Amino acid sequence: MTVIFSTHPLHPKATEMLIAAGDLRIASAPDGDAMLREGVDADILIVRAPIPPSFFSAASSLRAAIRHGAGVDMIPYDAATAAGVLIANVPGVNAPTVAEHVFMVTLSLLRRFRAVDRDLRGKGWFAGRAHSDHALDLGGRTLGIVGMGNIGKAIFRVAHNGFGLDVVANSRSPSSVPEGARYLPLDDLVATADIVVLCCPLTPETTGLMSRERIFRMKPGALLVNVSRGPVVDDAALIEALQCGRLAGAALDVFTTQPLPPDHPYLQLDTVIVTPHMAGITDESMMRMGVGAASESIRVLSGELPVNLRNPEVVEHYRQRFPG
C-alpha cells in the first residue's frame, strides 16, 4: 500500500484526504533518527521539520518531498534532486496569517504591551498605565519590507491600504515591488525605515543579510521584525544593539537554533517579543497548508507532476525511476 509519511500531525481535513489515498503515518518525533527509522519506505514525504540528506538515499521508493508551507530550506535540495525526488511546496496560503502576526507584534512593541501587561498585573493599574506616556503610534511611520514574495506583498497590502504607511521595499527583483511602495537598495532601506520586516527566503545570499553593519545602520529607535529565518540575522549584533538602546525593540519568530535555549539573551530583554516559529500558524492556515500538501501528494500518486514543482531539472530522472 502507498505510504505517506509526515513529520508532524496534519489538519483533520488533510488527514482525511490522505487516509483515503494511502497509509498515512506520522513520525513519532520530528528528528532525523525517527525519520530514518520510520519513514524509509515512504512514497510521499510531507515536511514540517528539517530532513537529513541521508533520508533520500535511504528511502528508495520516495517520489516526492512536499513542504507543508512555503519555505523549502528544510528539504536538502541537492540530495533530493540527486535521488530523483520531486520537491514541491504550498506557497502563499499562509501569507495573510503571517502579515497579521507582523502587525500584532509591531503594535505590541510600539504600545509597550509586554511591560504594560506585566506591571498592570504585578504592580497595579497606574503602574501599567504609566507606560502609555512613552507609547508610539504606528501611523506616520515608514515600514521597510525585505523580500517581496507572497508574504511581503501581503504585509504591503495591510501597511498601505490599512494603516496608510509609507512603504519602502527591497527584493531580488525590483520589478516585484508593487505600486505604492518604493524600491530601495538594502543599505538605504535599513537607514530609512522605522520598522524593518524581514520576510525573505533563506538562501546563501540572505544568510547573514542583517549583519552588524546593517543593524547599526538602522535608525536609532527603530524596530526589527523577523518572520524569515533565524540565520538571516547576526544574533550577537542584534543583542548588542538592543542592550545598548540603539534599537527600540525586536519581534522574532525564527532563530538560528530552534527551540530557543531557555537561557538565551533574547528571553531576558524586555524590548523583545519572542514567538516560537508560529507567525504563519492558525487553524485556518493549517487547514490551507495541509489541504494544499495533501492535494499535491494525491496529484503525484496519480502520476502527475506537482503544480508547485521546485526542482524541475529532476523530472527526467524521476520519470526513469517511475516510468508509469
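Residues numbered from 1 in each chain as written. Predicted model: local features only at pLDDT ≥ 70, side-chain atom pairs only at ≥ 80, totals over all residues. Heavy atoms only, no water.

Any details on the sheet that holds strand β5 (residues 86-88)? Residues and values, ideally.
If you walk across this open sheet you meet the 5 strands as β2-β1-β3-β4-β5, and the pairing is parallel. The open sheet has two edge strands with one neighbour each: β2 (23-26) and β5. Sheet twist, expressed as the average angle between the axes of neighbouring strands with direction ignored, equals 20 degrees. In terms of strand pairing, strand β3 (residues 44-47) meets strand β4 (residues 64-67) through 4 bridges, oriented parallel. The residue of β4 that forms the bridge with Ile44 is Ala64. (Pairing = 2+ DSSP bridges. Helix = DSSP H or I, 4+ residues; strand = E, 2+ residues; numbered from the N terminus. Axes fitted to C-alpha atoms, helices over the stretch in contact; angles between N-to-C directions.)

Outline the pairing of strand β1 (residues 3-6), listing residues and values.
Along any regular strand the residues' side chains alternate between the sheet's two faces. Alternating positions in β1 separate into two faces, Val3 and Phe5 on one and Ile4 and Ser6 on the other, with burial throughout. Pairing between β1 and β2: 4 bridges, direction parallel. Residue pairing in the sheet places Phe5 in a bridge with Arg25 of β2. Following the chain from β1 across helix α1 (residues 12-21) to the adjacent parallel β2, one finds a crossover that is right-handed. (Buried < 20%, exposed > 50% of the residue type's maximum accessible area, 1.4 Å probe, protein only. Right-handed = clockwise from strand over helix to strand, strands pointing away.)

Report on helix α5 (residues 95-110), specifying residues and quantitative values.
A rise of 1.5 Å per residue sets the reference length of α5, with its 16 residues, at 22 Å; its end C-alpha atoms lie 23 Å apart and thus fit the reference within 8%. Among all positions in α5, only Ala95, Thr97, Val98, Ala99, His101, Val102, Phe103, Val105, Thr106, Ser108, Leu109 and Leu110 are buried. Looking one or two places after α5, you find Arg112, whose phi comes out positive at around 55 degrees. (Expected span 1.5 Å × (residues − 1).)

Mind laying out the packing of aromatic side chains, listing which residues take part and the relevant values?
All told, the structure shown has 4 aromatic pairs when counted by the stated rule. Relative to Phe56, the ring of Phe55 lies with its centre 5.9 Å away and its plane at 80 degrees, an arrangement referred to as edge-to-face. Residue class for Phe55 comes out buried when judged on its relative accessible area of 0%. Ring geometry for Phe103 versus Phe163: centroids 5.3 Å apart, planes at 20 degrees, classification stacked. Remark: Phe163 occurs in the loop between α8 (150-162) and β7 (166-170) and Phe103 occurs in helix α5; sequence separation between them is 60 residues. By relative accessible area, Phe103 is classed as buried at 6%. Phe163 gets classed as partly exposed once you look at its relative accessible area, which sits at 35%. The ring of Phe322 carries the charged tip of Arg63 above its face, separated from the ring centre by 4.2 Å. Directly above the aromatic system of Phe216 lies the positively charged group of Arg212, at a separation of 4.4 Å from the ring centroid. (Phe/Tyr/Trp six-rings, centres within 6.5 Å; stacked < 30°, edge-to-face > 60°. Lys NZ or Arg CZ within 6 Å of the ring centre and 35° of its normal.)

How would you explain the sheet that holds strand β6 (residues 142-146) if you had to name every residue and give the values?
Strand pairs in the sheet, formed through backbone hydrogen bonds, run parallel or antiparallel to each other. Taken together, 7 strands build an open sheet; the order of strands is β8-β7-β6-β9-β10-β11-β12 and the sheet is parallel. The sheet terminates laterally at β8 (181-183) and β12 (272-274), the two strands that pair on one side only. Strand-to-strand twist across the sheet, computed as the mean angle between neighbouring axes with direction ignored, equals 15 degrees. Direction of pairing for β7 relative to β8: parallel, over a ladder of 3 bridges. The partner of Val168 across the bridge, within β8, is Arg182.

Residue-level account of the pairing of β7, with values.
Within β7, 4 of the 5 residues are buried, leaving the element largely enclosed by the surrounding structure. Sheet analysis places β6 next to β7, joined by 5 bridges and oriented parallel. By the bridge assignment, Leu143 is partnered in β7 with Val167. For the segment spanning β6, α8 and β7, crossover handedness is right-handed.

Give a description of the packing of α5 against α8 that names residues and reports values.
Interaxial distance between α5 and α8 falls to 8 Å at its minimum, and their mutual angle equals 50 degrees. Classified by the angle their axes make, α5 and α8 are oblique. For the crossing formed where α5 meets α8, the hand is right-handed. The segment α5 lies against α8, with Ala95, Pro96, Val98, Ala99, Val102 and Phe103 engaging Asn150, Ile151, Ala154, Ile155, Val158 and Ala159. Looking at the contact of α5 with α8 residue by residue, the class counts come to 11 nonpolar, 1 polar and no charged. (Parallel < 35°, antiparallel > 145°, perpendicular 65-115°, else oblique. Left-handed = near helix turned anticlockwise from the far one by under 90°. Contact = heavy atoms within 4.5 Å. Nonpolar A, V, L, I, M, F, W, Y, C, P; charged D, E, K, R; others polar.)

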